[in-house]
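Topology and contacts: notes
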Amino acid sequence: MLQVNIQKKLGDFRLDVHFETGGGVLALLGASGCGKSVTLKCIAGLEKPDKGRIVLNDRVLFDSERRVDLPPQRRRVGYLFQNYALFPHMTAAENIAAGAPHLPPKERQAAVAEQIRAFHLEGLEKHRPHQLSGGQQQRLALARIMAGDPEVLLLDEPFSALDSYLKWQLELELMDTLKSFGGDVVFVSHDRDEVCRLCQSVCVLTDGTSEPQETVRRLMEAPGTVSAALLSGCKNYSRAERLDDHTVRCGDWGVTLRTAAEVPANVTAVGVRAHHIVPIAAGENDIPCTVVRVIEDAFSTVVMLATPGGNTGKSLLRLELDRGRWAALGGPDRLTVHIAPEQVMALTGGGV
Amino acid sequence: MDWYPLYNSLRIAVISAVIVFFTGIAAAYYIAKLPRLIKGALDVVLTLPLVLPPTVVGYLLLCLLGPRRTVGAWVLETFGARLTMQWWSAVFAVTVVVFPLMYRTARGAFESFDEDLARAGKTLGLSNSYIFWRIRMPCCRQGIIAGAVLSFARAIGEYGATSMVAGYTPGRTATVATEVYQLWRIGNDALALRWVLVNIAISAVVLLAVNLLERRR
């Protein structure tokens, strides 16, 4: 178990992060520059927090009050860097051996052989990193980390440098690796799809501040805050006021909507996912709209709708439909859409 | 032909290049970690000998090492040795003049080093000295070797500061550079030309080595 509770000031930027992994893969999800990488560096001991405490499986790695600050060498934290950080002048086998400096030479050779097998690097032992493909490089970097038998694995956007086909392959491989790894994993990403596929719980970081962690599923169904909704891929937002427990006034859209979930007292906005808007009136939660633009995407049609609130900026609704389904509607100028009360997400926090 | 000037030039250049190799690397490594303001100031001071006329460096060195000056007088009193007008006095002069070349190239090499490699090394449990000698130095090898060879080439050709601090005494402090000047002054153009050709040959070989190293990069 990894418990992180740290604060750090970097110029005008304030990092204030709290989370706890309880087995499984925890995602740190946030836009770029929100402090994800600094958080990982603090856990690994490469950066020093100003205040706080980091505990890994009952071992205190950092505690500002008790003045504990273990050097990175003694933390047993496996860190997969964005560009893998393989040593370019060493062969694949030497790179893996460098990951087990504490072992006597004979055992180290055995550990290297074991990792070569585990990560399917047979025949590449004498190759240098630049002779390997992106996927092989990532496997080598993981093999090197595993040779040191770490207690926690930190993955810093491991797929950011790859094209989408290769990325998918690597993701499948990484899933297997993570399954066979017994310890905790912290996965840093800005991609909600990646997070959905690889992680069980998620902690959203906004401008250096972490939100309470939750399950990935819950983040997608009920993000809670505007920034979490943005990261979960929600595209439609309106400023909102609470009218009663299940009704909100959506200022930007000029309508009043019912919600299935209870509206929090401090609600600031509502969000609706583009594919949750239905182009058929249902008598309740209907919005009469005018079609502003129709954009053909690869496999779907994106329709921009002007609401009673106006025809610019946040007043627009974004509706996504299958191409065929839009064609079946016959390209109308006016369209009344329906949003089911279950799909209206009441949100708190700034950003809209 | 008396080969003493060549022998003297080479030993001065080798000793200076070795000193500059270690001090230049150490300076480049540690100064990079300092706060920006101190870094900028130190950088100017350490690079100054590169752009100052060597005679100015020689003058400043004499102010420090001369027999009636602070350091020079103290060494003369304590050890009974003069710091100037010896063959090894030229080492002081050449070291100061050549230092910026090594410092600058080493700094450039260190700056292009990917710090994530060092960070990765730390999280893998590798000691700081292992990371420096077995990761940072090999990755920066080409730049550092090129800097060392360039320093050596410049060390062989140093004239201004050497002639002021070590003077010209045939068979004692004469170097190739000072020999050429003396021979030309007394009108022995034929012998001067032979030394000139020797000097050109050595420098050309060294620069060729630098080019080969840089092409491999």
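Look a little higher up for the structure.
Residues numbered from 1 in each chain as written. Chains lettered and ligands numbered in written order. Predicted model: local features only at pLDDT ≥ 70, side-chain atom pairs only at ≥ 80, totals over all residues. Heavy atoms only, no water.

Taken together, the 20 residues of chain A in the interface contact 18 residues of chain B. Summing both partners gives a buried area of about 1,500 Å² for chain A against chain B, and 69% of it is carried by carbon and sulfur. Its largest share of buried area at the contact with chain B, chain A owes to Gln-73, Phe-87 and His-89 of chain A, together 33% of the area lost on that side. Viewed at the interface, chain B and chain A are joined by 0 salt bridges. The interface formed by chain A and chain B includes 5 residue pairs in polar contact (both at pLDDT 80 or more). Elements with a minimum of two residues in the side of chain A that touches chain B: helix 1 (36–44), strand 7 (77–80) and helix 4 (134–147) of chain A. For the side of chain A that touches chain B, the residue count by class is 14 nonpolar, 4 polar and 2 charged. (Contact = heavy atoms within 4.5 Å. Buried area = accessible area lost by both parts, 1.4 Å probe. Salt bridge = Lys/Arg side-chain N within 4 Å of Asp/Glu carboxyl O. Polar contact = N/O pair within 3.5 Å; in protein donor to acceptor, adjacent residues only side chain to side chain. Helix = DSSP H or I, 4+ residues; strand = E, 2+ residues; numbered from the N terminus. Nonpolar A, V, L, I, M, F, W, Y, C, P; charged D, E, K, R; others polar.)

Further remarks concern the pattern of salt bridges. Residue and element names in this part refer to chain A. Applying the stated criterion across every chain, the model contains 24 salt bridges over all chains. For Glu-194, the salt bridge goes to Lys-167, with nearest N and O atoms at 2.9 Å. Taken together, the positions of Glu-194 in helix 6 (residues 192–198) and Lys-167 in helix 5 (residues 164–180) put the pair 27 residues apart, joining distant regions of the chain. Of the charged contacts in the structure, one is a salt bridge between Glu-320 and Lys-235, with a shortest N-O distance of 4.0 Å. With a gap of 85 residues between them, Glu-320 in strand 20 (residues 316–322) and Lys-235 in the loop between helix 8 (226–231) and strand 13 (236–244) connect regions that are remote in the sequence.

Let us look at helix 5 of chain A. All names here are of chain A. For helix 5, which comprises 17 residues, the first-to-last C-alpha distance of 25 Å matches the rise-based estimate of 24 Å (1.5 Å per residue) to within 8%. Taken together, the buried positions of helix 5 are occupied by Lys-167, Leu-170, Glu-171, Leu-174, Thr-177 and Leu-178. Buried residues of helix 5, seen end-on, are gathered within an arc of 125° and therefore sit on one face of the element. Of the exposed residues in helix 5, those oriented more than 90 degrees away from the buried face are Tyr-165, Lys-179 and Ser-180. Considering only its buried residues, helix 5 is in contact with strand 3 (25–29), helix 4, strand 8 (152–156), strand 9 (184–189) and helix 6. (Expected span 1.5 Å × (residues − 1). Buried < 20%, exposed > 50% of the residue type's maximum accessible area, 1.4 Å probe, protein only. Arc of directions from axis to C-beta.)

What follows is about the side chain of Thr-84 of chain B. All names here are of chain B. Here Thr-84 is to be found in the loop between helix 4 (70–79) and helix 5 (89–111). Looking at Thr-84, the relative accessible area reads 2%, which means it is buried. Within the local environment of Thr-84, its side chain forms a polar contact with the side chain of Arg-82, the two groups lying 3.3 Å apart. Sequence-distant contacts of Thr-84, that is, excluding residues within four places in its chain, are made with Leu-62, Leu-65, Gly-66, Pro-67, Ser-89 and Val-165.

Further remarks concern the sheet that holds strand 22 (residues 345–347) of chain A. Residues and elements named next belong to chain A. The 5 strands are arranged 15-14-13-16-22 in an open sheet whose pairing can be described as antiparallel. At either end of the open sheet lies a strand with only one pairing partner, and these are strand 15 (255–258) and strand 22. Direction aside, neighbouring strands of the sheet carry axes that sit 40° apart on average. As paired elements, strand 14 (residues 247–250) and strand 15 share 4 bridges and run antiparallel to each other. Across the sheet, residue Thr-247 finds its bridge partner in strand 15, namely Arg-258. (Pairing = 2+ DSSP bridges. Axes fitted to C-alpha atoms, helices over the stretch in contact; angles between N-to-C directions.)

All names here are of chain A. In spatial order, the strands read 17-21-18-19-20; together these 5 strands make up an open sheet with antiparallel pairing. Two strands bound the open sheet, and with one partner strand each, they are strand 17 (277–278) and strand 20. Here strand 18 (residues 286–296) pairs with strand 19 (residues 300–306) via 6 bridges, running antiparallel. Residue pairing in the sheet places Ile-295 in a bridge with Val-302 of strand 19.

All names here are of chain B. Structurally, Gly-147 is set in helix 8 (residues 141–157). A relative accessible area of 0% means that Gly-147 is categorised as buried. With 42 residues separating them along the chain, Gly-147 and Thr-105 place their C-alpha atoms 5.3 Å apart. If we ignore the near neighbours within four places in the chain, the residues touching Gly-147 are Met-102 and Thr-105.

All names here are of chain B. Taken together, the side chains of Leu-34, Leu-37, Ile-38 and Leu-42 make up a nonpolar region of the molecular surface, amounting to roughly 370 Å² of accessible area. Inspection of the secondary structure puts Leu-37 in helix 2 (residues 36–51). For Leu-37, a relative accessible area of 77% corresponds to the exposed category. (Patch = residues over 30% accessible without salt bridge, like charges linked within 9 Å, V, L, I, M, F, W, Y side chains within 5 Å. Areas by Shrake-Rupley, 256 points an atom, 1.4 Å probe, with all protein chains shown as cover.)

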